[in-house]
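Close look at the chain arrangement
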Amino acid sequence: MVSRCICMLIILGLAIGKPALAAGAQRVQAVPEIEALVPEIEGLYRDLHEHPELAFHEERTASALA
């Protein structure tokens with residue numbers, strides 16, 4: 001489950017593009033199925049980073065990922 005979430009976050013990073021990595025390149029159009037997931041994954045990413053938890057006490061994070 002954790003590896004799936006990590007993969008989703010990596011895909012999100014690739015889908016939205018990082019200016020530092022792309023050096024001004026235009027956003028690459030992702031597979032439509034992945035592109036459709038971007039808002040949901042981005043929301044999850046932002047939510048998890050807005051509510052940090054102590055290591056090995058990630059109850060809210062585990063609940064969100066489940």
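Residues numbered from 1 in each chain as written. Predicted model: local features only at pLDDT ≥ 70, side-chain atom pairs only at ≥ 80, totals over all residues. Heavy atoms only, no water.

Time to look at the side chain of Thr61. Note that Thr61 resides in helix α4 (residues 59-65). Within the structure, the side chain of Thr61 is placed 2.7 Å from the side chain of Glu53, a separation counted as a polar contact. Apart from residues lying up to four places away in sequence, Thr61 is in contact with Leu48 and Glu53. (Helix = DSSP H or I, 4+ residues; strand = E, 2+ residues; numbered from the N terminus. Polar contact = N/O pair within 3.5 Å; in protein donor to acceptor, adjacent residues only side chain to side chain. Contact = heavy atoms within 4.5 Å.)

Among the secondary structure elements, Arg60 is positioned in helix α4. When the C-alpha atoms of Arg60 and Leu48 are compared, they prove to be 8.5 Å apart, with 12 residues separating the residues in sequence.

This part is about unusual backbone geometry. Even without being a glycine, Phe56 presents a positive backbone phi close to 65 degrees. As for its placement among the helices and strands, Phe56 is situated in the loop between α3 (32-50) and α4. By relative accessible area, which is 78% here, Phe56 ends up exposed. (Buried < 20%, exposed > 50% of the residue type's maximum accessible area, 1.4 Å probe, protein only.)

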